[in-house]
Structure formats: structure tokens, C-alpha cells
Amino acid sequence: MSIEIQHTAKSKIDSVDFEKLGFGTIMSDYMFECDYKDGKWEKPVIKPYAPITMDPAARVLHYGQAVFEGMKAYKDDNGDLFLFRPEENWQRINNSSERLAMPAFPKEYFIDGLKELVKLETEWVKPGFGNALYLRPFVFATQPALSATPSTEYKFMVICSPVKSYFSGELKVAIQDKYSRSAAGGVGYAKAAGNYAAQFYPQKLAQAKGFQQIVFTDAASHTYIEEGGAMNVMFRIGNKIVTPQTSERILPGITRKSLIQLMEDNGFDIEVRDVKVSEIVEAAKKGELKEFFCCGTAAVISPVSGFAYKDEEFTLPKVDDSYALKLKEMLLNIQYNKSEDKYGWRVKI
Ligand SMILES: Cc1ncc(COP(=O)(O)O)c(C=O)c1O
């Protein structure tokens, strides 16, 4: 596959303070773009990062026909660059697209496009745990037309943003008993843009009460734990890890999947099954809930320090043998090429 590359006259990297990066606020020098028209994806192009123009009638602006992915490029101490399980992201964006009646994006465009793009941005990827170039592939409906039907034209893009680790501060979560993120038959398993817009309001309410994140429960009964707004969740009860199984309502996280594999292969006691809120509350009351953590690409693993459910609040104990930290290190070692990768998850650029 050939990708047209238009070079920038001057990198803006010198104006960036890499010690003071917010999450996703600074964009790198280039972006990848590929348009879909007349039933096919056109020739992709990598060009200098810049605003795009869009018709005000573009369907995405009216009906939210848009999906995205979140992934990272890592640099090891020798300066080599890696992606982590990019085929999983490719598969997931196409699963999301299918659910939103959008066309699949070809695998070689996705993988080769990311590799070419990251190669151009080498200087933007800093070595060291937590430092990475966050990659945001996304697809949206561009056809100017106002009937509520699927677009016939789309734009696939990838933009990049240098990051340090996300959510490094305290994480208190509110377990929801009112608002829902998804329902059976809905789009919960898809990384649809609208899923995120829909959770901003309950998130805002929780933040006003001092909780940084919310954890959603099943829409039908609010009795089972599902996931966070942008992260999957895991609990350690005694020395056993339990995590909800994925379903059509839960986004199948690649971090989650990788951690489950690492746990299974390293002698952890792990159960993937439905998890009742009452079970977690009971365990917390009995002092058996030793850890509660969220996992996802952005923050890898974020230990939860406390949570609320209805009117009760619980504080997690400080543990000396944190499974969350052990697992985080195992995963980071693979991502940053510091340990053997027997799974072939690392993809060298
Ligand atoms: C709703 C939701 N759940 C879970 C995750 C974690 O997925 P991953 O580990 O692939 O980043 C994300 C982030 O992408 C998400 O948006």
C-alpha cells in the first residue's frame, strides 16, 4: 500500500513542554487521513496537522455517526518504537463501525498507516514508563445530507498526542444506581462517540460530589457491575481477582484482555463472571475487598482509593502486596520492551 506523505516545513515540538502535558491537549506534527466515497476508501495521506473543513450538513454533526479508538506508541531505552496489539484496535474499530452502519477500514491501511505516522513522529515519543504517544484513530460521517440514514461518505483519521500517564492522582468512584451507559441491544460494546457524550452528565454530577469517575451497572436492574466510563474494572476479594465478563453492553478492553491473560499465565486466582454490586459492598464491609482498580489504555491501571454506592462510602485499605501494581509493571515491561513478550503483543515499528 502506498501512502502519500506531505512533509511539514517545521516541527512544532520545540514549543512543547513535555513535563507539563495534560491528557490529549497537544497534538503532534502530522495526521493521517483517508476518505470513503463511491463505495471505497481512497488513497490515504499523511499531512501536517491542521484543522479540517466540513460541510455543516455533514451527518456526523446531526446524528453522531462516529466511532474511535485509543492506543499508544511506546519507545524503549534504545529508541525503538512499538505499538501494542494494534490488530485488536483494528478489529474493534471495525466492530464499532459495523454497529453504526459504517464501512470497515482495511487492515493494511490501519496498521501501515499507524506505523508510517509514528515513524514521522519519532521525536514525539519519549522513553520511560508512562510516556507515550497517544494515537486516536476515528471515523465519522461526512456526507452533507439531513435525512436520518447512514452516510455514504466518511473520513478516517488518526491524530497523535504526547502523554504522560493519566489519572495519576487519587481515584474515587461512584457506582451508579440511576444513570446507564448502555443497554441490551444497544451500542455499549462499540466505541461510539455518542456513548461518551451520554455519560458526561452523570459524570459531572459525580464530580460535583467529589468522585473522579463513575462505574456503571446494568441498565435493567442496576445490580451488576459493568464498567467505568472509559475503563474496565477489576476487584480483589481476598486473594481472588474478579472482573465482569464482557457482553454487548461492555466495551471489550484490550488492557483488560491482556491482564486476564497475564493473570491466568502467572498463577493468579482470577474469575471472569457477573459481579454483583452487593458482593463488592459486602466484601468492603467485611474488610475482604483488598483492591479495586480500573484498567484501560490511557492509564493502564488506576487503583481506586474509595467508592460510593447509594448513600454509603467505602475506603479501600492500603495493601503491601498490590496486585494492581504488580500487574501494571508486568504489562508496562511488555509494552516498553523490558521483558520477553511471549504473546507477540509488541509490534515493532
Ligand atoms: C468504555 C470503555 N471501557 C473500557 C476501555 C478500556 O479499553 P482499552 O483497554 O482497550 O483501552 C475504554 C477505553 O478505551 C473505554 O472507553
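Located above this text is the structure these notes cover.
Residues numbered from 1 in each chain as written. Predicted model: local features only at pLDDT ≥ 70, side-chain atom pairs only at ≥ 80, totals over all residues. Heavy atoms only, no water.

(A) Highlighting the pattern of salt bridges. Taken as a whole and assessed by the stated rule, the structure comprises 21 salt bridges. Taking the shortest distance from any N to any O, the salt bridge between Asp17 and Lys20 comes out at 3.7 Å. On the accessibility criterion, Asp17 (37% relative accessible area) is partly exposed. Note that Asp80 is salt-bridged to Lys348, the shortest N-O span being 3.9 Å. Here Asp80, found in the loop between strand 6 (71-75) and strand 7 (81-84), pairs with Lys348, found in strand 20 (residues 346-348); they are 268 residues apart in sequence, far enough to count as distant. Each of Lys240, Asp269, Glu271, Arg273 and Glu279 takes part in a single network of salt bridges with overlapping partners. (Salt bridge = Lys/Arg side-chain N within 4 Å of Asp/Glu carboxyl O. Buried < 20%, exposed > 50% of the residue type's maximum accessible area, 1.4 Å probe, protein only. Helix = DSSP H or I, 4+ residues; strand = E, 2+ residues; numbered from the N terminus.)

(B) Main features of the environment of Ala145. For Ala145, the location among the structural elements is in the loop between strand 8 (132-141) and strand 9 (154-163). Separated by 89 residues in sequence, Ala145 and Pro56 place their C-alpha atoms 9.4 Å apart.

(C) Looking closely at the packing of helix 2 (residues 86-99) against helix 3 (residues 107-120). Orientation of helix 2 relative to helix 3, taken along the N-to-C sense of each, is 135°, at an axis distance of 10 Å. Between helix 2 and helix 3, the angle falls in the class oblique. The chirality of how helix 2 crosses helix 3 is right-handed. On helix 3, the residues touching Pro86, Glu87, Asn89, Trp90 and Ile93 of helix 2 are Lys107, Phe110 and Ile111. For the contact of helix 2 with helix 3, the per-class residue count stands at five nonpolar, one polar and two charged. (Axes fitted to C-alpha atoms, helices over the stretch in contact; angles between N-to-C directions. Parallel < 35°, antiparallel > 145°, perpendicular 65-115°, else oblique. Left-handed = near helix turned anticlockwise from the far one by under 90°. Contact = heavy atoms within 4.5 Å. Nonpolar A, V, L, I, M, F, W, Y, C, P; charged D, E, K, R; others polar.)

(D) Here's a closer look at the site of the ligand. In the vicinity of the ligand there are 16 residues, among which Lys191, Tyr196, Glu227, Thr255 and Thr297 approach most closely. At 2.7 Å, a side-chain N or O of Lys191 approaches an oxygen atom of the ligand. Interatomic distance of 2.5 Å between a side-chain N/O atom of Glu227 and a nitrogen atom of the ligand. Burial of the ligand by the protein amounts to 97% of the accessible area it has alone, namely 390 Å². Looking at the shell around the ligand residue by residue, the classes come out as six nonpolar, six polar and four charged. (Near = heavy atom within 4 Å. Polar contact = N/O pair within 3.5 Å; in protein donor to acceptor, adjacent residues only side chain to side chain. Areas by Shrake-Rupley, 256 points an atom, 1.4 Å probe, with all protein chains shown as cover.)

(E) Main features of the packing of aromatic side chains. This structure, assessed with the given rule, holds 20 aromatic pairs. Site record: aromatic cluster; members linked through ring pairs are Phe32, Tyr36, Trp41, Phe105, Tyr109, Phe110, Tyr154 and Phe156. Here the guanidinium or amino end of Lys126 rests over the ring plane of Phe18, the centre of that ring lying 4.6 Å away. Above the face of the Phe129 ring, Lys338 is positioned so that its terminal group lies 5.9 Å from the ring centre. (Phe/Tyr/Trp six-rings, centres within 6.5 Å; stacked < 30°, edge-to-face > 60°. Lys NZ or Arg CZ within 6 Å of the ring centre and 35° of its normal.)

(F) Summary view of the pairing of strand 11 (residues 213-217). Of all five residues making up strand 11, five are buried, and the element is well covered by its neighbours. Burial along strand 11 is two-sided: Gln213, Val215 and Thr217 facing one way and Ile214 and Phe216 facing the other are all buried. Pairing of strand 10 (residues 172-175) with strand 11 involves three bridges; the strand directions are parallel. Each bridged residue has a counterpart across the sheet, and for Ile175 the counterpart in strand 11 is Val215. In terms of handedness, the path from strand 10 via helix 4 (residues 193-208) over to strand 11 forms a crossover that is right-handed. Inspection of the sheet shows strand 11 paired to strand 12 (residues 225-228) by two bridges, in the antiparallel sense. Note that in strand 12 the partner of Val215 across the bridge is Gly228. (Pairing = 2+ DSSP bridges. Right-handed = clockwise from strand over helix to strand, strands pointing away.)

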